[in-house]
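Examining the three-dimensional arrangement
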Amino acid sequence: MKQSLTILYLYPTEMNIYGDRGNVLALQRRLEWRGIEARVIEAGVGETVDWTEVDLVFAGGGQDRGQIAVGLDLGKRSPQIHDAVRRGVVFLTICGTYQLFTRGFRTATGEHIPGIGVFDAETVAGPKRLIGNTTVESPWGELVGFENHSGLTYLDRGKDSLGYTKVGGNNGSTGDEGAIAHNCFGTYLHGPVLPKNPELADHLLSLALERKYPGSLLGKLDDALEDLAHQIASKRPR
Ligand code: GLN
């Protein structure tokens, strides 16, 4: 029987900047190229999700204003999301949604948007935006991407980051970038991040596939184009 994974794209209109949607396409195509069915379902603010069918969740970045409505909606979904994380469902959250997966985000105008605390971390707007191209040393090799955020994220002591960077990252001072809790990943990397970081994309897919079909291995793909995109991005000045 053909293997099949369901990808939930949360807040596709509310949280979708700097090409974040490309991450969903990358996940979908990398499954299809291997003969695995990829079903993509979408849910915006107020829309119902059947969490029993979800294998992988993606949610992107957005403006502070857009984060208010999304924060409220996430608050309502919090029990289901925490349950999904405990069950090992794979999540990739970028920038604005990553911040809302911390305990909360105090914006530059002083508003506090409560987060759902999947990541043991706080986010507070800093005096200047962290903006530009960046590279991150990670267990999946060098990751490349673009960041643009005023919110600075501080992980609680001992909590796992996605990797380390010399500039920018979670807060511009501690050197860490992103966060990991169970199979839930957060990062400030836009770009979109997955098409030019295929090892990270495949790590997320492997986790989701192994959870649904234990013992299954992802086949190798020809990543010549992806590697070239990675190389070019890696050389871009900040
Ligand atoms: N609005 C948030 C910030 O500026 C998130 C930005 C983003 O998603 N790129 O920190």
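Residues numbered from 1 in each chain as written. Predicted model: local features only at pLDDT ≥ 70, side-chain atom pairs only at ≥ 80, totals over all residues. Heavy atoms only, no water.

**Quick word on the overall build of the chain**
Let me state the cut-off plainly: Secondary structure follows DSSP: runs of H or I at least 4 residues long count as helices, runs of E at least 2 residues long count as strands, and numbering of each begins at the N terminus. All radius of gyration figures rest on C-alpha atoms, and the globule criterion is 2.2 Å times the number of residues raised to 0.38. Type-normalised accessible area, obtained with a 1.4 Å probe on protein chains alone, sets the label of each residue: buried when under 20%, exposed when over 50%, and partly exposed for intermediate values. Contacts were defined at the residue level, with two residues in contact if any of their heavy atoms lie within 4.5 Å. Note that accessible areas follow from Shrake-Rupley with a 1.4 Å probe, and for residues the cover is restricted to the protein chains shown. In this tally, Lys and Arg are treated as positive and Asp and Glu as negative; His is ignored, and so are the chain termini. Taken as the charge location is NZ of Lys, CZ of Arg, CG of Asp or CD of Glu.
Scanning the chain for helices and strands turns up five helices and 12 strands. For the chain, the C-alpha radius of gyration of 17 Å lies close to 18 Å, the compact-globule estimate for 238 residues. Reported as C-alpha extents along the three principal axes, the dimensions of the chain are approximately 55 × 40 × 35 Å. Buried residues in the chain amount to 56% of all 238 residues. Contacts spanning at least 24 positions in sequence make up 69% of the contacts within the chain whose residues lie at least 6 apart. Carbon and sulfur atoms make up 54% of the accessible area of the chain, which totals about 10,700 Å². Each charge sign in the chain was given a centre, from 25 positive and 29 negative side chains, and these centres are 2 Å apart.

**Some thoughts on the environment of I131**
The topology assignment puts I131 in strand β7 (residues 121–138). Residues I131 and V167 lie 36 residues apart in sequence; the distance between their C-alpha atoms is 9.7 Å. In contact with I131, not counting residues within four places along its chain, are F146, E147, N148 and R238.

**Some details on helix α2 (residues 64–86)**
For the record, the criterion: In this analysis, the expected span of each helix is defined as 1.5 Å times one less than the number of residues it contains.
Given a rise of 1.5 Å per residue, 23 residues ought to cover 33 Å, yet the end C-alpha atoms of α2 are separated by just 28 Å, more than 12% below that figure. Looking at α2, one finds that the buried residues are Q67, V70, G71, D73, L74, R77, S78, I81, A84 and V85. Remark: G88 follows α2 within two positions and exhibits a positive phi of approximately 90 degrees.

**Considerations on the site of the ligand**
Applicable threshold: Summary of the distance rule: residues count as near a molecule or strand when at least one heavy atom falls within 4 Å of that molecule or strand. Two N or O atoms form a polar contact when they lie within 3.5 Å of each other; inside protein one atom must be a possible hydrogen donor and the other a possible acceptor, and for residues adjacent in sequence the pair counts only when both atoms belong to side chains.
What surrounds the ligand is a group of 16 residues, the closest being D64, Q67, C95, Q99 and G151. In the model, a nitrogen atom of the ligand is placed 3.0 Å from a nitrogen or oxygen of the N148 main chain. Contacts to the ligand include S150, whose backbone N or O atom sits 3.0 Å from an oxygen atom. Protein coverage of the free-state accessible area of the ligand, which is 300 Å², stands at 98%. Within the residue set of the shell around the ligand, elements represented by two or more residues are α2, α3 (95–100) and β8 (141–155). Of the residues forming the shell around the ligand, the biggest block, four residues, is contributed by β8.

**A few points about the side chain of T123**
Here T123 lies in strand β7. Beyond its immediate stretch of four places on either side in the chain, T123 contacts Q99, T102, G104, F105, R106, G151, L152, T153 and Y188.

**Digging into the layout of surface pockets**
Remark: the empty space left among the atoms is shown by a probe the size of a water molecule rolled over them. In plain terms, the rule: Points on a 1 Å grid, built from protein atoms alone, make a cavity when a 1.4 Å probe fits but cannot get out and make a pocket when they are open with protein on both sides within 12 Å along at least 5 of 7 lines; residues with an atom within 4 Å of a point are the lining residues. Grid points are joined across faces, edges and corners, and a volume is the space filled by probe spheres set on the points.
Empty space within the largest pocket amounts to approximately 300 Å³. Every residue lining the largest pocket is counted, 20 residues in all, and those nearest its centre are P198, E199, L200, D223 and D227. At the level of elements, β8, α4 (198–212) and α5 (224–235) are the ones that each hand at least two residues to the lining of the largest pocket. The greatest single-element share of the lining of the largest pocket, amounting to five residues, is contributed by α4.

**Focus on the pairing of β7**
A regular strand places its side chains so that they alternate between the two faces of the sheet. For clarity, the threshold we go by: Strands are treated as partners if at least two bridges between them are detected by DSSP.
Relative to β7, strand β5 (residues 104–106) runs parallel, the two sharing two bridges. Bridging from a neighbouring strand, R106 pairs with V124 of β7. Two successive antiparallel strands, β7 and β8, enclose a turn made up of two residues.

**Structural notes on the nonpolar core**
This is how the line gets drawn: Throughout this description, the term nonpolar core refers to a set of buried Ala, Val, Leu, Ile, Met, Phe, Trp, Tyr and Cys residues connected via side-chain atoms within 4.5 Å.
The biggest cluster of nonpolar side chains holds 64 residues, and the ones touching the most others in it are L8, W51, I81, F91, F101 and L194. Apart from the residues within four sequence positions on either side, L8 is in contact with I41, E42, A43, V49, W51, V54, L56, V57 and F58.

**Notes on the packing of aromatic side chains**
For clarity, the cut-off: For this analysis, a ring pair means two rings from Phe, Tyr or Trp (six-membered ring only for Trp) whose centres lie within 6.5 Å, classed as stacked if their planes differ by under 30 degrees, edge-to-face if by over 60, and tilted for the remaining angles.
Scanning the model with the defined rule gives eight aromatic pairs in all. Taking the centre distance of 6.3 Å and the plane angle of 20 degrees together, the rings of W51 and F91 count as stacked. Taken together, the residues span a long stretch of sequence, with W51 in the loop between β2 (37–43) and β3 (56–59) and F91 in strand β4 (residues 90–94) at a distance of 40 residues. Residue F91 is classed as buried on the basis of its relative accessible area of 0%. One aromatic cluster in this structure is built from W51, F91, Y98, F101, F119 and Y188.

**Points about the side chain of Q67**
By the element assignment, Q67 lies in helix α2. In contact with Q67, not counting residues within four places along its chain, are M15, G62, G96, Q99, L100, F105 and I113.

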